[in-house]
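# Working through the structure, step by step
The primary structure of each chain is shown beneath.
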Number of protein chains: 2
Amino acid sequence: MSDNKSNLPALIVVDWGSSNFRAFLVDGKGSILDTVNGEQGVLSIKNDCLETVLLSYISGWLSKHKTPIIMAGMVGGAIGWQDTGYVNTPANLGSMSVNLCKANNKAGLQISIVPGVKYVMENNVCDVMRGEEVQVFGAVLDVEQTAGELSNQTLSETMFCLPGTHSKWVQVAKDTHRKTVITSLSTFMTGEIFDLLTKQSILGEGLESLGKTPTDMPSFLKGVGVSQIQSSLLSALFSARTLKLDKQLTLQNVPSYLSGLLIGAELAGIKSKLNDIKHVYLIGNSSLNTLYCEALKELGFTSSILSSATASTKGMFTLAVQAGLVTEKETQLCH
Amino acid sequence: MSDNKSNLPALIVVDWGSSNFRAFLVDGKGSILDTVNGEQGVLSIKNDCLETVLLSYISGWLSKHKTPIIMAGMVGGAIGWQDTGYVNTPANLGSMSVNLCKANNKAGLQISIVPGVKYVMENNVCDVMRGEEVQVFGAVLDVEQTAGELSNQTLSETMFCLPGTHSKWVQVAKDTHRKTVITSLSTFMTGEIFDLLTKQSILGEGLESLGKTPTDMPSFLKGVGVSQIQSSLLSALFSARTLKLDKQLTLQNVPSYLSGLLIGAELAGIKSKLNDIKHVYLIGNSSLNTLYCEALKELGFTSSILSSATASTKGMFTLAVQAGLVTEKETQLCH
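Residues numbered from 1 in each chain as written. Chains lettered and ligands numbered in written order. Predicted model: local features only at pLDDT ≥ 70, side-chain atom pairs only at ≥ 80, totals over all residues. Heavy atoms only, no water.

### So, the domain arrangement of chain A
Residue and element names in this part refer to chain A. As far as domains go, chain A holds domain 1 (5–188 + 308–333) and domain 2 (190–300). Inter-centroid distance (C-alpha atoms) of domain 1 to domain 2 is 30 Å. Counting from both sides, the interface comprises 21 residues of domain 1 and, opposite them, 22 residues of domain 2. Both sides together, the interface formed by domain 1 and domain 2 hides about 1,900 Å², and carbon and sulfur atoms give 65% of it. In this assembly, domain 1 and domain 2 are joined by one salt bridge. In this structure, lysine 278 engages glutamate 157 in a salt bridge whose closest nitrogen and oxygen atoms are separated by 3.3 Å. Scanning the region where domain 1 abuts domain 2 turns up 14 residue pairs in polar contact (both at pLDDT 80 or more). At the level of elements, helix H3 (132–147), strand S11 (158–162), strand S12 (167–174), strand S13 (180–188) and helix H11 (308–322) are the ones that each hand at least two residues to the side of domain 1 that touches domain 2. Broken down by element, the residue count for the side of domain 1 that touches domain 2 peaks at five residues, all from S11. Here the side of domain 1 that touches domain 2 is composed, by residue class, of 10 nonpolar, 10 polar and one charged. (Domains from an automatic or database assignment. Contact = heavy atoms within 4.5 Å. Buried area = accessible area lost by both parts, 1.4 Å probe. Salt bridge = Lys/Arg side-chain N within 4 Å of Asp/Glu carboxyl O. Polar contact = N/O pair within 3.5 Å; in protein donor to acceptor, adjacent residues only side chain to side chain. Helix = DSSP H or I, 4+ residues; strand = E, 2+ residues; numbered from the N terminus. Nonpolar A, V, L, I, M, F, W, Y, C, P; charged D, E, K, R; others polar.)

Set out below in structure tokens:
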């Protein structure tokens, strides 16, 4: 560790979802000093064991520096540590920070949990996310550090996509104070449907002994293409069977083709809702980022890949500063 | 049994799908004399045991009358008795009858299996069906016996829908000889996706101990409505979760709502492909027919429910006559 005071641990950032745990020790500038990853997601842990699991991951850091802890993700849901509720769109770091929840804990630690974000559509149907919102705020900061402030014109042609089990598409704008606000979000169940279809459906028959990971790019792009000309996904999906019967597709290539059909349908959904979109920032794991990147290119969008770890830590560090968890003095030390 | 010769058994009609067996003993007019139903679908039986299973169902009939047997459905597929291949659209009873396959069997019975129908779209993506095609031919005959011959104008505004695990939508026309021809078909994986979502997905969580059958009509129709305003099914599906989180939907009503979302998406797919459609003939089981009927009404279509047993037997009897399995002499006897 360097002797510069800015390198001293200032905050522990925890991104704790349904199926994964990820924590970052960050310094007074928000830079990552250390990372720990685990597969113990909130879904797999009893509510009253969450504190024990958290400590098992981060007690090494805490034994040296008693920094505050900020957590986001399903840890703040009804099945998590405690239900933090949702902040409505338009949501900015200000409305997020005033709704941070102090997390009860036996160890006497200073733990805050980030609320989720809720988007209510005209027909009173709503959509929600937890954890992705801080990544989007962080991603905007990340982009702006290189490219300068994003204008409302640019943002109206831009979306942030977090591919996964339940992919999130988020649009942001600048308010009158030039603060970033999340204006809308859409969840697509793409990853979960892919998983169900390859493991449990008639389309996955025979795949038991083969890989279910999409690896064949031509089959993937064929699926993307078919999804654009078939108006209904429920109907397009059956082509994964008929093309195999017709020997246009091998069994090995079914997962790649199906992935193309589903990601293609997701992109068609975004396209039909938001005609103006030209550029997409992808914040996901590397294999999904690659697939989305190729599908976006095929459909005439440009895209950039952003680091999910950077997005998480930048978003949560800034939120912690805004909420006064990391004092201005400590932040000042960094400059 | 009446003493009229027209009531003598003339043909055994077998509709043998992936998960169900249904056989009809029909007379020289094609009227049903007796029916047997079973749950031993083709998927659950080893290929070389199919003959034994068939005989276990119909040997009672055969012991009195050695009538020819005609079979349709997955029994003619690659995993069935023998692969009968497909007849391309436009398909009529003529092209179906010349492609009937004699089925090898140890008992020396006269068994014929109907080929499937294949529809090749412009982009070389194809769709197929097995068993539904004979029901559609039979349904047209059934309708025409009451309403008189259907004109091409009427047929251009009409579709035949066979709801199920893999719902089929079939359009027919009249050729220059005024014969009915199947011109197109579309498969929607609606039933299978409903099953996967209610049993295996995050949307089905907590439903284990509750019924998964859609029984609440208001929730069903709410799902139909949401499916029409949400452009992407992958996104609309997530509302089954958010509406529950938002207390707009109870857990008990999730299956009804999900069914509405899926059937609504199926109908939206048909609507976008075929703008002219005004009337739909439904050929399915009674609970599915009711759901489709209500959804169609909600979206401004009219519909009629036809008997699936009548459609199957009329279609296969006429095909058997055309192929000479039931001789003209026997048919003449009926009049």
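What follows continues from the structure just given.
### Things to note about the relation of the copies chain B and chain A
Superposing chain B onto chain A takes a rotation of 180° combined with a translation of 0.0 Å along the rotation axis, leaving an RMSD of 0.0 Å. Viewed as a symmetry operation, the transformation between the two copies matches a two-fold axis. (Least-squares fit on C-alpha atoms with pLDDT ≥ 70 in both.)

### Details of the interface of chain B and chain A
Listed per partner, the contact involves 48 residues of chain B and 48 residues of chain A. Interface area, chain B with chain A, both sides summed: about 3,800 Å², of which 66% is carbon and sulfur. Together, Met189, Leu234 and Phe238 of chain B form the three largest contributors to the area buried by chain B at its contact with chain A, with a combined 19%. Linking chain B with chain A are two salt bridges. Between aspartate 246 of chain A and lysine 118 of chain B there is a salt bridge; the shortest N-O distance is 2.6 Å. Where chain B meets chain A, there are 14 residue pairs in polar contact (both at pLDDT 80 or more). Broken down by secondary-structure element, the contributors of at least two residues to the side of chain B that touches chain A are strand S10 (126–129), strand S13 (180–188), helix H5 (190–200), helix H6 (217–229), helix H7 (233–236), helix H8 (239–245) and helix H9 (254–273) of chain B. Grouping the amino acids of the side of chain B that touches chain A by side-chain chemistry returns 23 nonpolar, 17 polar and eight charged.

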